[in-house]
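Reading the structure
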Amino acid sequence: MPPFRAPRGTRDLLPDVSAGLRRLEGVARSLSDRYGYRAMETPMFEQTAVFERGIGEVTDVVEKELFRIAPRSEEAEGWALRPEATAGIVRAFVQHGMQTWPQPVKLTVVGPMFRYDRPQAGRYRQFWQWDAEAIGDPGPAVDAEMVEMGYRFYVEAGVPDVQVLLNSIGDGACRPAYLELLTAYFRRHETQLPELERRRLDSNPLRLLDSKDPAMTALVAAAPRIGEHLCEGCTAHFAAVKAHMDALGVPYRVEPTLVRGLDYYTRTAFEYYRRGAEGQQQALGGGGRYDGLVELLGGRATPGIGFALGLDRVLLALAETGATDVAEVPPLAVVVGADPADTAARLRVASLLRGEGLRVRAELAPRKLGRQLETASRDHAHFAVIVGDELAEGNVQLKDLEAGTQRLVPLVDLAHELARAAKSHHHG
Ligand code: HAM
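Residues numbered from 1 in each chain as written. Predicted model: local features only at pLDDT ≥ 70, side-chain atom pairs only at ≥ 80, totals over all residues. Heavy atoms only, no water.

1. Quick look at the overall build of the chain
Definition in use: Helix and strand assignments follow DSSP, with helices taken as H or I runs no shorter than four residues and strands as E runs no shorter than two, numbered in order from the N terminus. C-alpha atoms define the radius of gyration in this analysis, and the globule rule sets the expected value at 2.2 Å times the number of residues to the power 0.38. Only heavy atoms matter for contacts: two residues are in contact if any of them lie within 4.5 Å across the pair. For the accessible areas, the method is Shrake-Rupley and the probe is 1.4 Å, while residue cover comes only from the protein chains on display. Charged residues are defined here as Lys and Arg on the positive side and Asp and Glu on the negative side; His and the ends of the chain fall outside this count. Charged side chains are reduced to one point each, which is NZ for Lys, CZ for Arg, CG for Asp and CD for Glu.
Along the backbone of the chain there are 14 helices and 16 strands. The C-alpha radius of gyration computed for the chain amounts to 28 Å, which surpasses the reference 22 Å derived for 428 residues by more than 25%, pointing to a less compact arrangement than a globule. Considered along the principal axes of its C-alpha atoms, the chain spans approximately 90 × 55 × 45 Å. Contacts in the chain between residues far apart in sequence, at least 24 positions, make up 69% of those at least 6 positions apart. Of the roughly 20800 Å² of accessible surface on the chain, a fraction of 53% belongs to carbon and sulfur atoms. Between the centroid of the 51 positive side chains of the chain and the centroid of its 58 negative side chains there is a distance of 2 Å.

Now the structure itself:
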């Protein structure tokens, strides 16, 4: 047993998995470009209050899953690792006066998030999200555009059978009356409620609907549904979102029990699932509208909508379908030497080629030339550059390992020759 291991709920992404993650990041960056979202970064930690106020104090994410950083004695402020990106992005929107920029401001973040979750497959304490936010547009067209961009991500990433679940969860006009109804309903079943849910009944009854406690499943299924208690404004907005979705041809299902786990949502809410896996609380991604969040974090009232797609879960889904392999690219050439001890000459030639943008490895083990050439073939290198006595006259031997041919090449032409060979090799 090694003495140290990665912390529980985290994992090392070894090169194969890391390459898969970078590929997904590439799809996300490309889509962000095409849809007009500009990349930014926020700190990995924020004042705890940003999350408490933004996401809501009575939510799983803040109550149970926040990684709080113990403040050093001289600092009054408490910090926490970011459990998601939206609160931080909106904090930045307010801090940097982005309400004076042309609206909407479309921003995106790709990076790790941290939640003190109970670790299990698809649930980690450090995980990666692609997050996108459009701030300053009340919708409904941008809502559909947002849902479609996320859907397209799964298509381009190669995840089959992704289903969009869609709902409207009301706004300040219709939610209060609905919450009264909901509270009365759960109050009638109070004796059946687990302790946490009973506590939340007074502070945040909506959170009972996304409870992870299996004892709640039947109660939640029979609870009054927000979709049936929307005000006129929310009803019209939702109808228009659906009409835009239909126009875009994105398949979706209206799911009246979908409420999401964060407090900032208003109106449009959506999640992405693998078809058939909707019941397992393992969404591939989710998002929604948050028309009150900018104001809540100290800005001028500004509507917004966004999503976050969990990249770890996409990698898992791809692994299930066997579509994760990102091929390792072999070096174009390996620089070997006739004099086993002269590693400096090999490094010098390799350095020259790398400076010209070529992918080369230098053989640094002081072994016989024959053995050096064997490892070059094993690496699937196309060429070996043999550094020997000819170097004194400014020449090296260039050996084509696939054709088995060899010729003398001036060092000054070597990079050019290799680059040309690489090109014809790729096209041939
Ligand atoms: P969320 O639903 O909390 O939303 O998370 C979005 C996605 O992140 C989930 O669907 C899941 O794929 C992934 N995820 C969450 N927790 C974990 C975990 N412990 N391990 C692995 N993956 C996880 C948000 O984060 C909102 N900020 C989305 C949003 C953006 N709403 C508006 N704008």
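Having seen the structure, we can now continue with the description.
2. Comments concerning helix H6 (residues 175–188)
A turn of α-helix holds 3.6 residues, and therefore any two residues three or four places apart point the same way. For clarity, the threshold we go by: For a helix, the expected span equals 1.5 Å multiplied by the residue count minus one.
Taking 1.5 Å of rise per residue, the 14 residues of H6 would be expected to cover 20 Å, and the 20 Å separating its terminal C-alpha atoms lies within 8% of that figure. The inward-facing, buried residues of H6 abut helix H7 (195–203), helix H8 (217–221) and strand E9 (266–274).

3. What about the site of the ligand?
Spelled out, the test is: When we say a residue is near a molecule or strand, we mean one of its heavy atoms is within 4 Å of it. As used in this structure description, the phrase polar contact means that two N or O atoms lie within 3.5 Å; if the pair is within protein, one of them must be able to donate a hydrogen and the other to accept it, and residues adjacent in sequence are counted only when both atoms belong to side chains. Charged means Asp, Glu, Lys or Arg here, nonpolar means Ala, Val, Leu, Ile, Met, Phe, Trp, Tyr, Cys or Pro, and polar covers whatever is left, Gly included.
Taken together, 27 residues surround the ligand, and among them Glu 84, Thr 86, Tyr 124, Arg 260 and Tyr 265 come closest. Note that a nitrogen atom of the ligand is positioned 2.5 Å from one of the side-chain N or O atoms of Glu 84. Arg 260 places a polar side-chain atom, nitrogen or oxygen, 2.9 Å from an oxygen atom of the ligand. Taken by itself the ligand offers 660 Å² of open surface, and the protein chains cover 95% of this. At the level of secondary structure, the elements contributing two or more residues to the shell around the ligand comprise strand E6 (126–135), strand E10 (285–289) and strand E11 (304–310). Of the residues that constitute the shell around the ligand, the class distribution is ten nonpolar, nine polar and eight charged.

4. Focus on the layout of surface pockets
Where we set the bar: Residues are called lining when one of their atoms sits within 4 Å of a cavity or pocket point, these points coming from a 1 Å grid over the protein atoms alone, where a cavity is a set in which a 1.4 Å probe fits but cannot get out and a pocket is an open set with protein on both sides within 12 Å along at least five of seven lines. Grid points are joined across faces, edges and corners, and a volume is the space filled by probe spheres set on the points.
As a volume, the second largest pocket reaches approximately 250 Å³. When residues of the lining of the second largest pocket are assigned to their parent elements, the largest contribution, four residues, is made by helix H11 (residues 311–320). Each residue belonging to the lining of the second largest pocket can be placed in one class, and the counts come to five nonpolar, three polar and three charged.

5. Here we look at the sheet that holds strand E8 (residues 252–254)
Cut-off, in case you're wondering: Should DSSP find at least two bridges between two strands, the strands are regarded as paired. Every axis in this analysis is a line fitted to C-alpha atoms, fitted for helices over the stretch in contact. Angles between the N-to-C directions lie between 0 and 180 degrees.
Strand order across the open sheet formed by eight strands is E1-E5-E6-E11-E10-E9-E7-E8, with mixed pairing between neighbours. Both edges of this open sheet fall to strand E1 (38–39) and E8, since each of them pairs with a single strand only. With five bridges joining them, E9 and E10 adopt antiparallel strand pairing. From the neighbouring strand, Tyr 272 faces E10, where its bridge partner is Gly 285. On the sheet, helix H4 (residues 86–95) packs against strand E5 (105–114) and E6 and is oriented at approximately 40 degrees with respect to E6. Taken strand by strand, helix H9 (residues 232–248) contacts strand E7 (162–168), E8, E9 and E10, and its axis lies near 160 degrees from that of E7.

6. Some words on the pairing of strand E12 (residues 333–337)
Operational definition: Whether a residue is buried, partly exposed or exposed follows from its accessible area with a 1.4 Å probe, protein chains only, as a fraction of its type maximum: under 20%, in between, or over 50%, in that order. Handedness of a crossover is defined as follows: orient the strands so they point away from the viewer, and if the path from the first strand over the helix to the second runs clockwise, the crossover is right-handed.
Burial runs high along E12: five of the five residues are buried. Judged by which residues are buried, E12 turns out to be covered on both faces: Ala 333, Val 335 and Gly 337 on one side and Val 334 and Val 336 on the other are all buried. Examined bridge by bridge, E12 and strand E13 (residues 360–362) share three bridges and lie parallel to one another. Along E13, the bridge assignment pairs Ala 333 with Val 360. Considered for its hand, the β-α-β crossover made up of E12, helix H12 (residues 343–355) and E13 is right-handed. Where E12 and strand E14 (residues 383–387) come together, five bridges link them in parallel fashion. Within E14, the position partnered with Val 334 by the bridge is Ala 384.

7. Some words on the domain arrangement of the chain
Test applied: Here the bounds of each domain stem from an automatic or database domain assignment.
The assigned domain composition of the chain is domain 1 (15–174 + 230–321) and domain 2 (333–424). The C-alpha-based centres of domain 1 and domain 2 are spaced at 50 Å.

8. Looking at the sheet that holds strand E2 (residues 45–47)
As summarised here, the arrangement of the three strands in space is E2-E4-E3, forming an open sheet in which the pairing is antiparallel. Of all strands in the sheet, those with a lone pairing partner are E2 and strand E3 (68–69), marking the two edges. Across two bridges, the pairing between E3 and strand E4 (residues 79–81) is antiparallel. Counterpart to Ile 69 in the pairing with E4 is Trp 79. Sheet contacts for helix H2 (residues 48–55): E2, E3 and E4; angle to E2, the most-contacted strand, approximately 80 degrees.

9. A word on a negative patch on the surface
Quick reminder of the rule: Like-charged residues are merged into a patch within 9 Å and nonpolar side chains (Val, Leu, Ile, Met, Phe, Trp, Tyr) within 5 Å, provided each residue has over 30% relative accessible area and no salt bridge. Salt bridge, as used here: a side-chain nitrogen of Lys or Arg that lies within 4 Å of a carboxyl oxygen of Asp or Glu.
Where like charges cluster on the molecular surface, the negative patch consists of Asp 339, Asp 342, Asp 389 and Glu 393. In this fold, Asp 339 is placed in the loop between E12 and H12. Relative accessible area serves as the criterion here: at 43%, Asp 339 is assigned to the partly exposed category.

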